[in-house]
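# Close look at the chain arrangement
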Amino acid sequence: MIFSLFDKTPVLDADSSQWLFDTYAWAMKQFNAEIFYNQTPLVLPTNDYLPGRVDSVHGMASLIFERVKGYAGVSHWPTLLADQSSCALVGPPKVEIKGALRGPEGIADDTADEAHRLLIPYNPQQINNPEGMIATFAHIIAHYLAQMANEPPPGGAEYWPHATELLAVYLGFGVMFANSAFTFRGGCGSCYNPNANRDAYLTEIESTYALAIFGVLKEIPNSEVTRHLKKHLRGTYKKAVGDIQGRTEDLAMLTALR
């Protein structure tokens, strides 16, 4: 109907959208807004961003994960990638990250043994769903990163998984989160995997709104984003951008942190 062109119904309720803005502010204060504004790309599901192919499942998972680490600015982190069906329950690793936490000033340490590496479990079945695997890896990185913050994200422990997903969007992986919100599962009893049953956390619309905040702050044309989104999310993204551009005080709060 033509009246839908003038629909002023908000994309999200006021509390949800405000939480997303507040959590972006938390991420910027904790994890270097300068890197966000000047070095963080919007990672897209194309061969330009994730080129290469190998024959084995583990090799492909490793290739994808190393790309994700690079775009997240944590290539220097000591990590251990493992098939979730073969990894055992372990306590929190004792890990030293040398140099900067994120970015090119980080210092890689290839001498760390397995006990001093961050465990990264993966589901081999996700190899046929690259966007889901990328989102999973980005969320695990965000989970570890958030643990290093000086203060907890808005909402407390109840919203921890939501905040770490938002942090992964802040790291540049919003397209994957919006597209894969209801398409992948993961987890096992013996491995820690913060991405199990991901649809219990940010909804498709919330992920798309968080992506739109990224797009507005980075001044990315709508068409460069929407062509990579599922068709039913493209209108939602454009409407979210319009809503965000009208929230001048919230945008000023974020731009002041750069």
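All values reported here derive from a predicted model rather than from experimental measurement.

### Some words on the nonpolar core
Of all hydrophobic cores here, the largest spans 76 residues; its most connected members are Tyr24 and Phe137. Here the element with the most residues in this core is helix α5 (residues 160-179); it accounts for 12 residues. If near-sequence neighbours (up to four positions away) are discounted, Tyr24 is found in contact with Phe36, Leu166, Val169, Tyr170, Ala210, Ile213, Phe214, Leu217 and Leu254.

### Section: the pattern of salt bridges
Per the counting criterion, the structure on display carries 3 salt bridges. As a salt-bridge pair, Arg247 and Asp243 come within 4.0 Å of each other at their nearest N and O atoms. Assessed through its relative accessible area of 28%, Asp243 is described here as partly exposed. Close ionic contact of Asp250 with Arg247 constitutes a salt bridge, the shortest N to O distance being 2.9 Å. Overlapping salt bridges bring together Asp243, Arg247 and Asp250 as one network.

### Side note on the side chain of Thr23
Take Thr23: it is sitting in helix α1 (residues 14-30). Among the polar contacts listed, one links the side chain of Thr23 to the backbone oxygen of Trp19, at a separation of 2.7 Å. Apart from residues lying up to four places away in sequence, Thr23 is in contact with Pro154, Ala163 and Leu166.

### Details of the pairing of strand β4 (residues 118-122)
Among the 5 residues that make up β4, 5 are buried, leaving the element largely enclosed by the rest of the structure. By the alternation rule, side chains of β4 split into Leu118, Ile120 and Tyr122 and Leu119 and Pro121, which are all buried. As paired elements, strand β1 (residues 79-83) and β4 share 5 bridges and run parallel to each other. Note on β4: the bridge partner recorded for Asp83 is Tyr122.

### Description of the packing of α1 against helix α6 (residues 204-217)
Their axes nearest at 10 Å, the elements α1 and α6 cross at an angle of 50°. When the interaxial angle is binned, α1 and α6 end up oblique. In this structure, α1 crosses over α6, and the sense of that crossing is right-handed. Across the interface between the two elements, Ser16, Ser17, Leu20, Phe21, Tyr24 and Met28 from α1 touch Glu206, Tyr209, Ala210, Ile213, Phe214 and Leu217 from α6. Here the contact of α1 with α6 is composed, by residue class, of 9 nonpolar, 2 polar and 1 charged.

### Let's talk about α1
Compared with an ideal rise of 1.5 Å per residue, which puts 17 residues at 24 Å, α1 spans 24 Å between its outermost C-alpha atoms and is within 8% of the ideal. Extensive coverage of α1 is indicated by the burial of 12 of its 17 residues. The set of residues buried in α1 consists of Ser16, Ser17, Trp19, Leu20, Phe21, Thr23, Tyr24, Ala25, Trp26, Ala27, Met28 and Gln30. Where α1 starts, the residue carrying a side-chain oxygen 3.2 Å from the main-chain nitrogen of Asp15 turns out to be Asp13. Where α1 terminates, the next one or two residues include Asn32, which has phi positive at roughly 60°.

### Remarks on unusual backbone geometry
Residues apart from glycine generally show negative phi values, whereas peptide bonds are mostly found in trans. For Asn32, which is not glycine, the phi dihedral falls at a positive 60°. Assignment of secondary structure puts Asn32 in the loop between α1 and α2 (33-39). Not every positive phi belongs to a glycine, and Glu219 is a case in point at roughly 55°. Within the secondary structure layout, Glu219 lies in the loop between α6 and α7 (222-226).

### Digging into α5
With 20 residues, α5 should cover 28 Å at 1.5 Å per step; its first-to-last C-alpha distance of 21 Å lies more than 12% under that length. The largest bend in α5 is about 125°, located at Phe173. In terms of burial, α5 is a largely internal element, 19 of the 20 residues being buried.

What counts, and at which threshold
Residues numbered from 1 in each chain as written. Predicted model: local features only at pLDDT ≥ 70, side-chain atom pairs only at ≥ 80, totals over all residues. Heavy atoms only, no water. Core = buried A, V, L, I, M, F, W, Y, C linked by side-chain atoms within 4.5 Å. Buried < 20%, exposed > 50% of the residue type's maximum accessible area, 1.4 Å probe, protein only. Helix = DSSP H or I, 4+ residues; strand = E, 2+ residues; numbered from the N terminus. Contact = heavy atoms within 4.5 Å. Salt bridge = Lys/Arg side-chain N within 4 Å of Asp/Glu carboxyl O. Polar contact = N/O pair within 3.5 Å; in protein donor to acceptor, adjacent residues only side chain to side chain. Pairing = 2+ DSSP bridges. Axes fitted to C-alpha atoms, helices over the stretch in contact; angles between N-to-C directions. Parallel < 35°, antiparallel > 145°, perpendicular 65-115°, else oblique. Left-handed = near helix turned anticlockwise from the far one by under 90°. Nonpolar A, V, L, I, M, F, W, Y, C, P; charged D, E, K, R; others polar. Expected span 1.5 Å × (residues − 1). Bend = angle between axes of the 7 residues up to and from the residue.

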